[in-house]
Amino acid sequence: MPQFNWNDSKNLFSKLTFRRFVNAVKVLSSFYVSRVLKRPVQWGYPVSISFEPTTSCNLRCPECPSGLRQFSRPTGMLKNDFFTRTIDEIHKELLYLIFYFQGEPYLNPDFLKMVKYASDKKIYTATSTNAHYLTDETARKTVESGLDRLIISIDGTTQDVYQQYRVGGNLEKVLAGARNIVKWKKQLKSKTPFVFFQFLVVKPNQHQIEEIKQLAKEVGIDEVRFKTAQVYDYETDPNKLIPTIDKYSRYKKNADGSYSPKNKLANRCWKLQHANVITWDGLVVPCCFDKDAMHQLGNLKTQSFKEIWHNDNYKQFRSQLMKSRKNIDICANCSEGVSVWKE
């Protein structure tokens, strides 16, 4: 599960009903039983789900399929009626809902309606944004929607550094959007959304780590978190993104100058056990590393979510992971357990 500070944690646990608690216990128990039996056991339903509002994006970040327009799947917008139908089915077990996979959520005109719908079901809601669309009016609507957590991606404290990764982005717009959210939280006397700056540490911006902490204080942001960058061609790092500060790198440098992932892939995965991702057009995939939805475990246009969660495709994928996770392509770059630091 994602990390929380005390105030954020209280908000999360306020959403915990008896039924959601029992479901979480089932999921956690099945994870450990699977390890003991050395075969997949799946009790309960997901504690956390990511719903993709859109694959469209206004930026062109160099390690993002959405930004590079390199998807093998179609681009589109999540429809509100499709979303509400799915939430109606699973909301009694679901505790945590992330409105993000690929793309910029605020480009979907129904995005905040969907947040409000989930919030009214007492689900903890979160999203990640590049903050270019947080106008004064949109910031007010965001606070009023009941959104619990707002992640603002900000990968530099000066425009020249920021735009090296957030290609096409405007740092002043990001800061203005953040200030709008802070302003409306105060005016509406709302404790939510909990707002944090997420700083993706890459070689061009690693010298600004201390500066982003100070900038966050000046703006009134609740917290700063540092995230390691996923690099697709990590062996040679052609874009020169891997930082030299070891703590903030997913990769280790080998004697020959090449790189390899730090993580050791055990034949188990907590994320697969308690969470999954739904694309804008209803495809259910294992996790956020399957950006092109190559491992389709089900389609919500033809099956209900609960049917998919226990279908043959899911059973086969869970078995494959427990036998040889290293042979699953999306697991090769996995950052489970090493990707985010609070400071």
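Scroll up for the structure.
Rules used in this analysis
Residues numbered from 1 in each chain as written. Predicted model: local features only at pLDDT ≥ 70, side-chain atom pairs only at ≥ 80, totals over all residues. Heavy atoms only, no water. Helix = DSSP H or I, 4+ residues; strand = E, 2+ residues; numbered from the N terminus. Buried < 20%, exposed > 50% of the residue type's maximum accessible area, 1.4 Å probe, protein only. Contact = heavy atoms within 4.5 Å. Areas by Shrake-Rupley, 256 points an atom, 1.4 Å probe, with all protein chains shown as cover. Lys, Arg positive; Asp, Glu negative; His and termini not counted. Charge placed at Lys NZ, Arg CZ, Asp CG, Glu CD. Polar contact = N/O pair within 3.5 Å; in protein donor to acceptor, adjacent residues only side chain to side chain. Core = buried A, V, L, I, M, F, W, Y, C linked by side-chain atoms within 4.5 Å. Salt bridge = Lys/Arg side-chain N within 4 Å of Asp/Glu carboxyl O. Axes fitted to C-alpha atoms, helices over the stretch in contact; angles between N-to-C directions. Parallel < 35°, antiparallel > 145°, perpendicular 65-115°, else oblique. Left-handed = near helix turned anticlockwise from the far one by under 90°. Nonpolar A, V, L, I, M, F, W, Y, C, P; charged D, E, K, R; others polar. Arc of directions from axis to C-beta.

J.: Break down the overall build of the chain for me, citing the residues and quoting the values.
T.: A tally of regular secondary structure across the chain gives 12 helices and 12 strands. Overall, the C-alpha framework of the chain stretches about 55 × 50 × 40 Å when taken along its three principal axes. Counting every position in the chain, which comprises 343 residues, the buried fraction comes to 55%. Restricting to contacts in the chain with at least 6 residues of sequence separation, those with at least 24 account for 69%. Just so you have it, the chain exposes about 15,600 Å², and 52% of that area is on carbon and sulfur atoms. Side-chain charges of the chain comprise 52 positive and 35 negative groups, with the mean position of each set lying 6 Å from the other.

J.: If you had to explain the side chain of D148 to someone new, which residues and values would you point to?
T.: Within the secondary structure, D148 sits in the loop between α6 (136-145) and β4 (149-153). Only 2.7 Å separates the side chain of D148 from the side chain of N11, close enough to count as a polar contact. Polar side-chain contacts of D148 include one of 3.5 Å to the side chain of K15. Look past the residues within four positions of D148 in its chain and what remains in contact with it is D8, N11, K15, I123, Y124, T125, T192, P193 and F194.

J.: Give a detailed account of the nonpolar core, specifying residues and quantitative values.
T.: By size, the foremost hydrophobic cluster in this structure holds 79 residues, and its most contacted members are F51, F83, L97, I152 and F197. Sort the elements by how many residues they give to this core and helix α8 (residues 171-187) lands first, with seven residues. Apart from residues lying up to four places away in sequence, F51 is in contact with L78, F82, F83, T86, I87, L97, I98, F99, Y100 and I278. Counting seven residues, the second-largest nonpolar core is a separate cluster that includes V27, L95, Y96 and A126.

J.: Tell me what's going on with the pattern of salt bridges, and back it up with residues and numbers.
T.: Counted according to the given criterion, the structure contains 16 salt bridges. One salt bridge connects E210 with K213, and the closest N-O pair in it is separated by 3.1 Å. Linking E210 with K213, this pair stays in helix α9 (residues 209-219), spanning three residues, or about one helical turn. Taking relative accessible area as the criterion, E210 reaches 54% and is therefore assigned exposed. Among the charged side chains, a network of salt bridges with common partners joins R19, E93 and K306.

J.: Summarise the packing of α6 against α8; cite the residues concerned and give the values.
T.: The contact between α6 and α8 brings their axes to 8 Å, and the two run at 50 degrees. On the basis of the axis angle, α6 is oblique to α8. The interaxial crossing formed by α6 with α8 has right-handed handedness. The residues of α8 that touch α6, namely those facing D136, A139, R140, T142 and V143, are N180, I181, K183, W184 and K185. Of the residues in the contact of α6 with α8, the class split is four nonpolar, two polar and four charged.

J.: Describe α6, with residues and values.
T.: Looking only at α6, the buried set comprises A139, T142, V143 and S145. Looking down the long axis of α6, one finds its buried residues gathered within 160 degrees of arc, a one-sided arrangement. Of the surrounding elements, those touching the buried residues of α6 are α5 (111-120) and α8. Immediately beyond the C-terminal end of α6, within one or two residues, lies G146, with a positive phi of roughly 95 degrees.

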